[in-house]
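Working through the structure, step by step
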Amino acid sequence: MKPQAPVLEIRDLSISYRSAGGDARAVRGVDLDLYPGQIVGLAGESGCGKSTLAYGAVRLLRPPAVVTGGQVTYRGRRLAGADGFDVLGASPAQLRALRWREISIVFQSAMNALNPVLRIRDQLLDALRAHLRLSDEEAHSRVAAMIELVGIPRARLGSYPHELSGGMRQRVMIAMALAAEPEVVIMDEPTTGLDVVVQREIVREIFGLRERLGFSILFITHDLSLLLETADRVVIMYAGQVVESAPTDQIRTAPAHPYTRGLLNSFPRLRGPRTALTGIPGSPPDLRGSLQGCPFAPRCAFARESCGTVDMQLRARGDDPRVLSACPFPIAPLTAVPVAQAGADRPVAAPAPQGPAVLEAVDLGKEYRLARSGRGAKVAAVRGVSFALRQGAVTALVGESGSGKSTIAKLLAGQERATSGEIRLDGTALDPAARRGFRAYKSEVQMVFQDPFASLNPLHTVSYHLRRALSVHSRRTGLEPTVAEIDRLLERVRLLPVAKFRDAYPHELSGGQRQRVAIARALAAAPRVLLADEPVSMLDVSIRLEVLDLIQDLRTNLNLAVLYITHDIASARYFADEILVMHQGEIVERGAAEQVTQQPQHEYTRRLISSSPDPDTFALQTGPLVPELAVVPSEGGLPAMG
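Cut-off values and rules
- Residues numbered from 1 in each chain as written.
- Predicted model: local features only at pLDDT ≥ 70, side-chain atom pairs only at ≥ 80, totals over all residues.
- Heavy atoms only, no water.
- Helix = DSSP H or I, 4+ residues; strand = E, 2+ residues; numbered from the N terminus.
- Buried < 20%, exposed > 50% of the residue type's maximum accessible area, 1.4 Å probe, protein only.
- Contact = heavy atoms within 4.5 Å.
- Areas by Shrake-Rupley, 256 points an atom, 1.4 Å probe, with all protein chains shown as cover.
- Core = buried A, V, L, I, M, F, W, Y, C linked by side-chain atoms within 4.5 Å.
- Salt bridge = Lys/Arg side-chain N within 4 Å of Asp/Glu carboxyl O.
- Phe/Tyr/Trp six-rings, centres within 6.5 Å; stacked < 30°, edge-to-face > 60°.
- Pairing = 2+ DSSP bridges.
- Right-handed = clockwise from strand over helix to strand, strands pointing away.
- Axes fitted to C-alpha atoms, helices over the stretch in contact; angles between N-to-C directions.
- Parallel < 35°, antiparallel > 145°, perpendicular 65-115°, else oblique.
- Left-handed = near helix turned anticlockwise from the far one by under 90°.
- Nonpolar A, V, L, I, M, F, W, Y, C, P; charged D, E, K, R; others polar.
- Disulfide = S-S within 2.5 Å.

1. Some thoughts on the overall build of the protein chain
A count of helices and strands for the protein chain gives 22 helices and 22 strands. The buried share of the protein chain, taken over its 642 residues, is 54%. Counted over contacts in the protein chain with a minimum sequence separation of 6, partners at least 24 positions apart contribute 71%. Per element, the accessible surface of the protein chain, about 27,400 Å² overall, is 50% carbon and sulfur.

2. Some words on the nonpolar core
Formed by 78 residues in total, the largest nonpolar core has its most connected members in Leu124 and Leu224. Contacts of leucine 124, omitting those with residues within four sequence positions, involve Val143, Met146, Ile147, Leu157, Val172, Ala175 and Met176.

3. Let's talk about the pattern of salt bridges
If charged atoms from side chains of opposite charge come close, those side chains can pair. Following the criterion strictly, the structure yields 34 salt bridges and no others. As a salt-bridge pair, glutamate 148 and arginine 154 come within 2.8 Å of each other at their nearest N and O atoms. For aspartate 553, the salt bridge is made with arginine 494, and the minimal N-O distance between the two is 2.1 Å. Remark: arginine 494 occurs in the loop between α15 (483-492) and α16 (498-502) and aspartate 553 occurs in helix α18 (residues 541-558); sequence separation between them is 59 residues. Through salt bridges with shared partners, a single network forms among Arg171, Glu201, Glu205, Glu400 and Arg607.

4. Some details on the packing of aromatic side chains
Using the criterion set out here, one finds 6 aromatic pairs in the structure. When the ring of tyrosine 238 is compared with that of phenylalanine 296, the centres are 5.2 Å apart and the planes differ by 85°; the resulting orientation is edge-to-face. Within this pair, whereas tyrosine 238 is found in strand β9 (residues 233-238), its partner phenylalanine 296 is found in the loop between α10 (258-264) and β11 (315-317), the two being separated by 58 residues in sequence. Residues tyrosine 238 and phenylalanine 296 agree in their burial class; the two are buried. Look at tyrosine 259 and phenylalanine 296: their rings are 5.2 Å apart centre to centre, the planes differ by 70°, and that puts the pair in the edge-to-face class.

5. Regarding the pairing of strand β20 (residues 561-566)
Among the 6 residues that make up β20, 6 are buried, leaving the element largely enclosed by the rest of the structure. Of the two faces of β20, the one holding Ala561, Leu563 and Ile565 and the one holding Val562, Tyr564 and Thr566 are both buried throughout. As paired elements, strand β15 (residues 394-398) and β20 share 5 bridges and run parallel to each other. When the sheet's bridge partners are listed, valine 394 is paired in β20 with valine 562. Bridge analysis of strand β19 (residues 529-533) against β20 gives 5 bridges, and the strand direction is parallel. The residue bridging alanine 532 from the neighbouring strand is tyrosine 564, located in β20. Regarding the hand of the β-α-β motif, the stretch spanning β19, α18 and β20 is right-handed.

6. Remarks on the pairing of strand β13 (residues 357-369)
Bridging between β13 and strand β14 (residues 378-390) involves 9 bridges; their strand directions are antiparallel. Its bridge partner being in β14, leucine 359 is matched across the sheet by leucine 389.

7. Examining the sheet that holds strand β16 (residues 420-425)
For sheets, the rule is that strands pair by backbone hydrogen bonds, running either parallel or antiparallel. Pairing within the open sheet is antiparallel, and its 4 strands lie in the order β14-β13-β16-β17. Only two strands of the sheet have a single partner each, and these edge strands are β14 and β17 (428-430). Averaged over all neighbouring strand pairs, the angle between strand axes comes to 30°, with direction disregarded.

8. A short note on the packing of helix α13 (residues 462-472) against helix α17 (residues 511-523)
The N-to-C vectors of α13 and α17 enclose an angle of 20°; their axes lie 8 Å apart at closest approach. Looking at the two axes, α13 sits roughly parallel to α17. Our pair here, α13 against α17, has a crossing hand that is right-handed. In contact with Val462, His465, Leu466 and Ala469 of α13, α17 contributes Val517, Ala520 and Arg521. Grouping the amino acids of the contact of α13 with α17 by side-chain chemistry returns 5 nonpolar, 1 polar and 1 charged.

9. Let's talk about the sheet that holds strand β6 (residues 103-106)
Taking strand neighbours across the sheet as the criterion, the 8 strands line up as β6-β7-β8-β3-β9-β10-β12-β11 in an open arrangement whose pairing is mixed. In this open sheet, the two edge strands, each paired with only one partner strand, are β6 and β11. Here the strands of the sheet are splayed against their neighbours by 25° on average, with no regard to which way each runs. Where β11 meets strand β12 (residues 320-325), 3 bridges bridge the pair, whose relative direction is antiparallel. Among the inter-strand pairings, arginine 317 is bridged to a residue of β12, identified as aspartate 320. This element, helix α1 (residues 50-57), spans β3 (39-43), β6, β7 (184-188), β8 (216-221) and β9 of the sheet and lies at about 145° to β8.

10. Comments concerning helix α11 (residues 405-413)
Across the 9 residues of α11, 7 count as buried, placing the element largely inside the fold. A positive phi of about 80° marks glycine 414, the residue just after α11.

11. A few points about unusual backbone geometry
At the junction of proline 63 and proline 64, the peptide bond is cis and its omega measures out at 15° in the coordinates. Within the fold, proline 64 resides in the loop between α1 and β4 (65-74). For the bond running from leucine 496 to proline 497, omega is -5°, close enough to zero to count as cis. Phi is positive for alanine 526, close to 50°, though the residue is something other than glycine. For alanine 526, the location among the structural elements is in the loop between α17 and β19. With a relative accessible area of 35%, alanine 526 lands in the partly exposed category.

12. A short note on the packing of helix α6 (residues 166-177) against helix α7 (residues 196-213)
Any two packed helices are characterised by how steeply their axes cross, that is the angle between the axes, and by the distance between the axes. Where α6 meets α7, the axes come as close as 10 Å, and the angle between the chain directions of the two elements is 20°. Comparing their axes, α7 and α6 come out roughly parallel. Here α6 and α7 pass one another in a crossing that is right-handed. Side by side, α6 and α7 meet where Gly167, Gln170, Arg171 and Ile174 of the first sit next to Val198, Glu201, Ile202, Glu205, Ile206 and Leu209 of the second. Here the residues of the contact of α6 with α7 sort into 5 nonpolar, 2 polar and 3 charged.

13. What to know about the state of the cysteines
Defined simply, a disulfide is a covalent bond joining two cysteines at their sulfur atoms. Under the definition given, this model contains 0 disulfides. The cysteine cysteine 307 is free of any disulfide, with cysteine 294 supplying the nearest cysteine sulfur at 5.8 Å. On the basis of relative accessibility, which here comes to 9%, the residue cysteine 307 falls in the buried class.

14. A look at the side chain of serine 403
Mapping serine 403 onto the fold places it in the loop between β15 and α11. Under the relative-accessibility criterion, serine 403 is labelled buried at 3%. For serine 403, the contacting residues outside a window of four places in its chain are Ala381, Met582, His583, Gln584 and Gly585.

Structure representation (structure tokens):
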């Protein structure tokens, strides 16, 4: 029997970004095979080359990106000839026939990928008409079938993108990608920024559609735990190279490369003892350098002197030719990974001293008037919420999008005024949104926002942001906006050496570094309460761990009361002393972090826990979601095309 050929074959692909400071070699000699019906997961930190590889493989990159070598062959049933379709040698007309009809992409940010001034129906019709010859009746019928196929009522076709939730917008992107029944779908971080419940629903939707329609998936994500539940094979990239490629079970139980080990050890666990995670210290290398030997060596707990000259070719490990690793050295079993970060062996979130209540919410309520639902129509975003933030303790507020978590943060920060209830600082009721006393309150209660890319002004340097914050609060704190004080703040959030970051602009920093600057800006007010609204949801898993550990140390050293708002109940268990579970504007369960996560009482809490990716127990929870390789497309998919 003739061996099955890959539907997408990438060989020795290299891609660089041209710049005056030297070429950044974002992808370096990568090989990758995607077989019919297979799901291949592509994982790694931001900047490792995942998206560049995928977009380069279908020639969607713009200058200054340049494909400097390699070959990409597509072997679809409709387009490819006997020897396959040469993607890198294709003409513009041939590429138009390839894209979307044969290989489609689900982009990361649905809000940015969808046109905000066009209704969903019009955008789906545009995608169909660009690639298929259909009558108006056929096109409208197909659009209705597509939107229902991804779990959205056809009545929402008349909606604009901003009128849909994040999960619904992502489903629209999936429907658009599947419109022309492609054989390969590239999914670039399709669930990033979505809460765990919606993420789980989207993933199930994707793989249910794959079973029905038979397409192959290249699933790109920095969340390795998600791939462990979904992929047939996992490919790990670091510094533009593939460092490990193996079946999913092998990656989970016996990863061969230290970088893969680090990624696995960056996930807070929902089960087992609550202990510290080692994560991955340091940062990825500058891809403009020479990159001799193993680029991961400076961050590796297993590094040895010869790593500086080692050949980074993928080699089979053991008796299984499917298990490939670029690390030629044997490493310790998974249970004996050395601690690579000083102090990481301390217990995580040991019971903190339950100090006095600093900030209290008492029977808080918040209603919003609905502009298009008739006079007087209102929706209750928060109903009867009460809790206390205590000195030296972390309280986690957990729930899915739309549960009211961020509304609570806005009320406590004085960005919105409560409809009912009280907010008390040191036992005294006050109105944080009132003009009188607002600055004094803001010095006591500071907020760290979700998006590190939007919370800093791109026109100003780090020192400007910190100097301004020091100046605004200097009357209360007594701190002057001096270089020495700015450096002290940078040191406190571990941005070292400070001279490197002091005069940097936000675009010159990584997401984790920007979030550290945002935390330093909050600390310039010498607050007693820190409101952290999803502070790590947009960061890589390894960077998330670093930021959470930083906030943990700050609460201990500065005796802060911290409200940690998140949809990730696993990180709440790792980080918090107390967990409040919020659903539809109400707190439905509360208690010590271990009690809530290990013995949940409310059905919604159990749903949050079951929806969270868990690297340790995914096989027990879900079993294999997909078969090993080939899938025969079903006859009951979308309506036939004209």
